[in-house]
Amino acid sequence: MMSNIMAVNVILFVTVVSVVISTYYGVEGRFVVEKESISVLSPYQLRSLKHDASIGNFGVPDYGGSMVGSVVYPQKGSNGCNSFDGEKPFKSTSSRPVILLLDRGECYFALKAWNGQQAGAAAVLVADDREEPLITMDSPQESTDANGYIDKIGIPSALIEKSFGDTLKAALQKGKEDVVIRLDWRESMPHPDQRVEYEFWTNSNDECGIRCDEQMKFVKDFKGHAQILEKGGYTMFTPHYITWYCPKPFILSDQCKSQCINNGRYCAPDPENDFGKGYQGRDVVIENLRQLCVHRVANESHRSWVWWDYVTDFHIRCSMKQMRYSKECAEAVMESLDLPIDKIMICMGDPEADVENEVLKIEQDRQVGQGSRGDITILPTLVINDVQYRGKLERTAILKAICAGFLETADPPICLSGALETNECLERNGGCWSDSASNITACKDTFRGRICECPVANGVQYRGDGYKSCEAFGPGRCAISNGGCWSETKYGRTFSACSDSDLSGCRCPDGFRGDGHKCEDIDECKEDLVCRCDGCSCKNSWGGYECKCKGDKLYIKEHNTCIARNASKFGWFLTLLVLGTIVAAATAGYIFYKYRLRTYMDSEIMAIMSQYMPLDSQHQNQVTQHESEHLQQNV
């Protein structure tokens, strides 16, 4: 009995290790440390370049955000392995949150973060105790978490280099002023464009303990958010499943046959870790393959979000714990979701064939790290924009991380809810330009914070720095707040410094003087600019003037002169005479044109008829001659 158990353990050990050392034909495994940045704000002499810190794989990192707080280093229990005395013992001398600095060693990283959170810390930094490259602080195995504190950690934590930790401790020891730092996650998540691409590495097995329970709870809780994002075209989601392979020397063993398909190429550990009872690893691999094909087939019909419905329903209806984990149950779920079972079966292929499976081969290739993403070696793993997510697998935390992956101003509405972020535009308009008259602002709220950017309003583009000035530009600009130019109505008349013929700028209209934003009436009469003709009298008006001539004369504004009214009448007479002459000439021309056109048409008709008249005449002569000969014969 003991030898059988040892053989099983050897097989499992070799199988698991094989994915690390040779998943991709001998390529070595690669683990990427995801980082945030830390800046020292006080004391002044410590201000320098940003320091890197590795994000802990537990708690809730504030992806897309930042935190400014005062550093506190405990006098006793600096390793944070035990609860700190008192209720919320760590307080800063200001209103800033406390960032607790602890030493590495003697207990799990996650326990340090938990004790720090219980003591009132808003974040925990762990200073390394050796000079080495940064590593990722991971959570311990579930067997060590007897009190379930790991899932209760709700603050961010990070590991910093020993040298940086020593610098912070030295500054705190001087005690002259607060040590204030900024934790910054704004660039921890790439945000290149308007769509976020993310993938979830999971497993259909529901008998693997806390890890399996955690991932299934996440799928159920996050399904609504995921489907809203997917249906709106905001995200592209892809599920993935880890598989191992059986080493060649063991392919014909009972263990490999029961845990693998396609002649040992794709394997999964036994769900109950007991080869003698319950389900086998091959059952898990086949269901993993089915779920991959559900997503692939659904995606082809533009219903990729149905994967979330299938996985959720399968877990409820086809649980291993209820002994319903089967092909028949899976097909019942597919049928209820209107999924084409025949297409999914074709996608899955033959698990008994000694050939590569296209779908699972892609999965094994994808497990190997590419670009900025490391190898996938543990479950569950979430990858967003090709960067592995660090932290608790919880609905709101994951949604915030996904929202941090959108380009600024491209955030979907779900990312701008009050539960996820604070609308900075609501307070003092975010410090951006605004036009209260037309209710237009340059402040745009995004998940990462507000930006000041001149807007487009009612089809009109505004230009400027977005902070102090935005100016309407282009056609139609005068329709919105008069283009930002001066305008005034008085005595029933309205004047404006905005002209639709100008794409930008403001110009005071005739009769006014100013910069276009403020215009004042010009007193043309007082400044002797008009009515300078002999005998003229000038009276100023708002936006203009009135000029009168002496006697019976008429003022001509264009020439700033006066002329006799008789002369004016004679001028009108000459004008009418000229117009009459032009009309008469036009009429005569029209009549002549009509006559010429008719004459031309008659001549054309005659020419056409003349071509047929000779034929008729010749025919008539032949008839007459024939009749004459006939009469002569009769005589």
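All values derive from a computational prediction rather than experimental measurement.

**Regarding the overall build of the chain**
Each helix and strand in the chain was counted, giving 13 helices and 28 strands. A sequence separation of at least 24 residues applies to 63% of the contacts in the chain between residues at least 6 apart. When the accessible surface of the chain is totalled, it reaches about 35,100 Å², and 53% of it is carbon and sulfur.

**Observations regarding the state of the cysteines**
By the definition in use, this model includes 14 disulfides. Through a disulfide, Cys508 is tied to Cys519; the S-S separation comes to 2.1 Å. Its torsion about the S-S bond being -90°, the disulfide of Cys508 and Cys519 is classed as left-handed. One end of the pair, Cys508, is in the loop between β22 (493-496) and β23 (512-514); the other, Cys519, is in strand β24 (residues 519-521), and 11 residues separate them in sequence.

**Topic: the sheet that holds strand β8 (residues 196-202)**
Two strands in a sheet stick together by hydrogen bonds in their backbones, pointing the same way (parallel) or opposite ways (antiparallel). Read from one edge to the other, the open sheet built from four strands follows the order β9-β8-β12-β13, with strand pairing classed as mixed. Each edge of the sheet is formed by a strand with only one pairing partner; in this case those strands are β9 (235-241) and β13 (387-388). Packing against the sheet, helix α7 (residues 306-317) makes contact with β8 and β9, and its axis sits at approximately 40° to β9.

**Observations regarding helix α9 (residues 341-348)**
Taken residue by residue, α9 has Ile344, Cys347 and Met348 as its buried positions. Projected down its long axis, α9 shows its buried positions confined to an angular sector of 100°, all on one face. Of the exposed residues in α9, the ones pointing more than 90 degrees away from its buried face are Asp342, Lys343 and Ile346. Along its buried surface, α9 packs onto α6 (281-300), α8 (327-336) and α10 (358-366). In the segment just after α9, Gly349 is the residue with positive phi, at about 75°.

**Structural notes on the pairing of strand β4 (residues 98-103)**
A large share of β4 lies buried, amounting to six of its six residues. The alternating pattern of β4 places Val98, Leu100 and Leu102 on one face and Ile99, Leu101 and Asp103 on the opposite face, and all of these are buried. Relative to β4, strand β3 (residues 66-72) runs parallel, the two sharing three bridges. Following the sheet pairing, Ser70 is matched in β4 by Val98. Pairing of β4 with strand β5 (residues 123-127) involves five bridges; the strand directions are parallel. Counterpart to Asp103 in the pairing with β5 is Ala127. After leaving β4, the chain enters helix α2 (residues 109-118) and then returns to the sheet as β5, a path that is right-handed.

**Considering the side chain of Asn205**
One can find Asn205 in the loop between β8 and α4 (210-231). Within the structure, Asn205 has its side chain in polar contact with the backbone nitrogen of Glu207 (distance 2.7 Å). Setting aside residues no more than four positions away along its own chain, Asn205 makes contact with Cys212, Gln215, Pro271, Val284, Met320 and Tyr325.

**Quick look at the sheet that holds strand β18 (residues 456-457)**
Taken in spatial order, the three strands line up as β18-β19-β20 in an open sheet, and their pairing is antiparallel. The outermost strands of the open sheet, each flanked by one partner alone, are β18 and β20 (470-473). Bridge count between strand β19 (residues 460-464) and β20: four bridges; the pairing is antiparallel. By the bridge assignment for β20, Gly464 is matched with Cys470.

**A word on unusual backbone geometry**
With an omega dihedral of 5°, the bond running from Ser42 to Pro43 counts as a cis peptide bond. As for its placement among the helices and strands, Pro43 is situated in the loop between β1 (35-42) and β2 (51-55). For the bond running from Leu379 to Pro380, omega is -10°, close enough to zero to count as cis. With respect to the element layout, Pro380 can be found in the loop between α10 and β12 (381-384).

**A look at a nonpolar patch on the surface**
Taken together, the side chains of Val578, Leu579 and Ile582 make up a nonpolar region of the molecular surface, amounting to roughly 280 Å² of accessible area. Considering the arrangement of structural elements, one finds Val578 in helix α12 (residues 565-610). According to the relative accessible area criterion, Val578 is partly exposed, its value standing at 47%.

**A few points about the side chain of Ser253**
Structurally, the position occupied by Ser253 is in the loop between β9 and α5 (254-259). Of the polar contacts made by the side chain of Ser253, one reaches the backbone nitrogen of Cys256; its length is 3.3 Å.

**Some points on the packing of α6 against α10**
Viewed as axis vectors pointing N to C, α6 and α10 meet at an angle of 95°, and their least axial separation amounts to 10 Å. With respect to each other, α6 and α10 are oriented roughly perpendicular. Residues Val285, Leu289, Leu292, Cys293 and Arg296 of α6 touch α10, and the partners they reach there are Glu358, Val359, Leu360, Ile362 and Glu363. Tallied by class, residues from the contact of α6 with α10 come to seven nonpolar, no polar and three charged.

**Looking at the packing of aromatic side chains**
Considering all chains together, one arrives at 17 aromatic pairs under this definition. For the ring pair Phe237 and Trp307, a centre distance of 5.2 Å and an interplane angle of 50° mean the geometry is tilted. Residue Phe237 is found in strand β9, and its partner Trp307 is found in helix α7; the two are separated by 70 residues along the sequence. Under the relative-accessibility criterion, Phe237 is labelled buried at 3%. Measuring from ring centre to ring centre gives 5.4 Å for Tyr279 and Tyr325, while their planes differ by 65°; the resulting arrangement is edge-to-face.

**A word on the confidence of the model for the chain**
Taken residue by residue, the chain gives an average pLDDT of 84. The fraction at 70 or more is 87%. When the criterion is pLDDT under 50, residues 1-28 qualifies, and its contacts beyond four places in sequence or with other chains add up to 30 contacts. For the stretch residues 614-624, pLDDT sits under 50, and the model shows zero contacts to residues farther than four places along the chain or on other chains.

Basis of the calculations
- Sequence order as written defines the numbering, with residues in each chain counted from 1.
- Given that this is a predicted model, residues contribute local features only at a pLDDT of at least 70 and side-chain atom pairs are listed and counted only at 80 or more, while totals for whole chains, interfaces and linings are drawn from all residues.
- The side-chain quantities take in all heavy atoms of the structure and omit both hydrogens and water.
- Helix and strand assignments follow DSSP, with helices taken as H or I runs no shorter than four residues and strands as E runs no shorter than two, numbered in order from the N terminus.
- Contact definition: two residues touch when any of their heavy atoms are within 4.5 Å.
- Values of accessible area rely on a 1.4 Å probe in the Shrake-Rupley scheme; residue burial ignores everything except the protein chains shown.
- Any cysteine sulfur atom paired with another within 2.5 Å is treated as part of a disulfide.
- Any two strands with at least two DSSP bridges between them are considered paired.
- Between N-to-C directions, angles span 0 to 180 degrees; the directions come from axes that are lines fitted to C-alpha atoms, helices contributing only their stretch in contact.
- Burial classes: relative accessible area under 20% of the type maximum marks a residue as buried, over 50% as exposed, and values in between as partly exposed (1.4 Å probe, protein chains only).
- Directions drawn from the helix axis to the C-beta atoms are what define this arc.
- Crossover handedness is defined by viewing with both strands directed away from the observer: a clockwise path from the first strand over the helix to the second marks the crossover as right-handed.
- Two N or O atoms count as a polar contact when they lie within 3.5 Å, although within protein this holds only if one can serve as hydrogen donor and the other as acceptor, and sequence-adjacent residues are included solely when both atoms are side-chain atoms.
- Only residues above 30% relative accessible area that lack a salt bridge enter a patch, with like-charged residues linked at up to 9 Å and the nonpolar side chains Val, Leu, Ile, Met, Phe, Trp and Tyr linked at up to 5 Å.
- Salt bridge, as used here, is a side-chain nitrogen of Lys or Arg placed within 4 Å of a carboxyl oxygen of Asp or Glu.
- Orientation labels follow simple angle bins: below 35 degrees gives roughly parallel, above 145 gives roughly antiparallel, 65 to 115 gives roughly perpendicular, and whatever is left gives oblique.
- In this classification, Asp, Glu, Lys and Arg are treated as charged, Ala, Val, Leu, Ile, Met, Phe, Trp, Tyr, Cys and Pro as nonpolar, and every other residue, Gly included, as polar.
- Stacked, tilted and edge-to-face pairs are distinguished by plane angle, under 30 degrees for stacked and over 60 for edge-to-face with tilted covering the rest, among Phe, Tyr and Trp rings (Trp via its six-membered ring) whose centres lie within 6.5 Å.
- The score called pLDDT rates the predictor's confidence residue by residue, from a low of 0 to a high of 100.

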